[in-house]
Amino acid sequence: MPFVAANQVDTFYRSMGEGPPLLLIAGNGMDHTCFDEQLRQFAPYFTCIVYDLRGVGASSITVDGYTTAGMAKDALALLDALGIESAHVGGYSLGGAIGQELAICAPKRVKSLSLYASYDRPDPYLRLRYDILVDIVEHAMPAMWALFSAFSAFGTDYINANETTVRNEIAKRAARWQGDSAPSRTGLIGHYRAILSHDTSARLDQIRCPTWIAVGTDDPVMPPSYAERLHRGIHGSTLDIFDGSPHRILNFNADAFTQKALAFLLAQT
């Protein structure tokens, strides 16, 4: 299994495809398989690097280091270890927040930035959601985590129109806690705390690379208002809003989303 030591974290990664490097950063609690549906279309044009963030999957479960700035340093250390001077960067949710820190703190390393269902700072609803999730992970059974994390990630209209899909997602989330591959509570809470402490709102104008922002209309976690704020703050950015898509836009509207995501990336090469 490919590991590198990156910022004192044993980081598991995978690389596939040919062409300019593309670093894809997953959302909270998700491992390197987050982008499996996109890799099939990205890999013919880009060398895609996916990895497990600290605290999840096969990477180190650390006690601290869970801030978006700290996790951006992890990503830079991974690029260093792989001998990559600069890369296109795409990040989903928390991964997009990490990508923002990368583009701000190491602008020469980021050729383009794609922000999938991401945000600049947490508003009260988002803070409350993750306060509740921290409490659930610390004190409740995995079934409650599966119910609340899924329920609160889909909008009312999406759930009413796709009840079976949402209930299947709840079952998949509950099943993740079975056996040796169960998520680390320490790592998951660390990711939640990274979300809560993230704030690039006053620094977005420092992002100067080509930037694409994508969000779904039925995303209650990081809704279009967040994407619009990112769009206003990042000069020259492009915004696409996908009708009827929930928070995990890359999986629940994969075809339309991936086509647009790839088109943006190809326009930057």
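Before any of the text, the structure's been laid out above.
All values derive from a computational prediction rather than experimental measurement. (Residues numbered from 1 in each chain as written. Predicted model: local features only at pLDDT ≥ 70, side-chain atom pairs only at ≥ 80, totals over all residues. Heavy atoms only, no water.)

## A word on the nonpolar core
- Ranked by size, the top nonpolar core spans 63 residues in total, and within it Leu23, Leu102 and Trp145 carry the most contacts.
- Per-element tally for this core: the top contributor is helix α2 (residues 68–81), with 7 residues.
- Apart from residues no more than four positions distant in its own chain, Leu23 is found in contact with Ile49, Tyr51, Ala75, Leu78, Leu79, Ala87, His88, Val89, Gly90 and Leu102.
- Counting 24 residues, the second largest nonpolar core, distinct from the first, contains Leu39, Cys48, Ala214 and Ile249. (Core = buried A, V, L, I, M, F, W, Y, C linked by side-chain atoms within 4.5 Å. Buried < 20%, exposed > 50% of the residue type's maximum accessible area, 1.4 Å probe, protein only. Helix = DSSP H or I, 4+ residues; strand = E, 2+ residues; numbered from the N terminus. Contact = heavy atoms within 4.5 Å.)

## Considerations on the environment of Ala214
- Counting through the fold element by element, Ala214 comes out in strand β7 (residues 211–216).
- The buried category is assigned to Ala214, whose relative accessible area is 1%.
- Remark: the alpha-carbon pair of Ala214 and Tyr116, spanning 98 residues in sequence, is separated by 5.0 Å.
- The residues touching Ala214, leaving out its near neighbours within four places in the chain, are Leu115, Tyr116, Ala117, Asp240, Phe242 and Phe257.

## Some words on the pairing of strand β6 (residues 110–116)
- β6 sits mainly inside the fold: 6 of its 7 residues count as buried.
- Crossover connection from strand β5 (residues 87–92) via helix α3 (residues 94–105) to parallel β6: handedness right-handed.
- As defined by bridge partners, β6 adjoins β7 across 4 bridges and the pair is classed as parallel. Along β7, the bridge assignment pairs Ser114 with Trp212. (Right-handed = clockwise from strand over helix to strand, strands pointing away. Pairing = 2+ DSSP bridges.)

## Examining the sheet that holds strand β4 (residues 47–51)
- Pairing is mixed in the open sheet, where 8 strands are placed in the order β1-β2-β4-β3-β5-β6-β7-β8. Two strands close off the open sheet at either side, each with one partner strand: β1 (3–6) and β8 (238–242). Pairs of neighbouring strands in the sheet enclose a mean axial angle of 25 degrees, with direction left out of account.
- Packed onto the sheet, α2 meets β1, β2 (9–16), β3 (21–25), β4 and β5 and runs at close to 125 degrees relative to β1. (Axes fitted to C-alpha atoms, helices over the stretch in contact; angles between N-to-C directions.)

## Points about α2
- Here α2 contains 14 residues, and its C-alpha end-to-end distance of 20 Å stays within 8% of the 20 Å for a straight helix at 1.5 Å per residue.
- Burial analysis of α2 places 10 of its 14 residues in the buried class, the great majority of the element.
- Following α2 by one or two positions, Gly83 adopts a phi angle in the positive range, close to 70 degrees. (Expected span 1.5 Å × (residues − 1).)

## Here we look at helix α7 (residues 163–175)
- With 13 residues, α7 extends 18 Å from end C-alpha to end C-alpha; this agrees with the ideal 18 Å at 1.5 Å per step.
- Buried residues along α7 sit in contact with α5 (142–151), α6 (156–161) and α10 (249–252).

## Looking at the pattern of salt bridges
- Applying the stated criterion across every chain yields a total of 13 salt bridges.
- For Glu138, the salt bridge identified is with Arg193, shortest N-O distance 3.8 Å. You can see Glu138 sitting in helix α4 (residues 124–139) and its partner Arg193 sitting in helix α8 (residues 185–197), a full 55 residues away along the chain.
- Within this structure, Asp120, Arg121, Asp123 and Arg229 form a network of salt bridges that share partners. (Salt bridge = Lys/Arg side-chain N within 4 Å of Asp/Glu carboxyl O.)

## Observations concerning the pairing of β1
- Side chains of β1 alternate between two faces, with Val4 and Ala6 buried and Phe3 and Ala5 left unburied.
- Across 4 bridges, the pairing between β1 and β2 is antiparallel. Among the inter-strand pairings, Ala6 is bridged to a residue of β2, identified as Val9.
- Hairpin geometry of β1 and β2 is characterised by an intervening segment of 2 residues between the two adjacent antiparallel strands and by a positive phi of about 55 degrees at Asn7.

## Notes on the packing of α4 against α8
- Running from N to C, α4 and α8 point in directions that differ by 165 degrees, and their axes come no closer than 10 Å. Taken together, the axes of α4 and α8 lie roughly antiparallel to each other. Crossing handedness for the pair α4 and α8: left-handed. Together, Leu126, Arg127, Tyr130, Asp131, Leu133, Val134, Val137 and Glu138 of α4 and Arg185, Leu188, Ile189, Tyr192, Arg193, Ile195 and Leu196 of α8 make up the contact between the two elements.
- Of the residues in the contact of α4 with α8, the class split is 10 nonpolar, no polar and 5 charged. (Parallel < 35°, antiparallel > 145°, perpendicular 65-115°, else oblique. Left-handed = near helix turned anticlockwise from the far one by under 90°. Nonpolar A, V, L, I, M, F, W, Y, C, P; charged D, E, K, R; others polar.)

## Observations regarding the packing of aromatic side chains
- In this structure the tally under the stated criterion is 14 aromatic pairs.
- Taken together, the aromatic side chains of Phe35, Tyr116, Trp212, Phe242, Phe257 and Phe264 make up a single cluster linked through ring pairs.
- Arg129 extends its terminal NZ or CZ atom over the ring of Tyr130, reaching a point 5.0 Å from the ring centre. (Phe/Tyr/Trp six-rings, centres within 6.5 Å; stacked < 30°, edge-to-face > 60°. Lys NZ or Arg CZ within 6 Å of the ring centre and 35° of its normal.)

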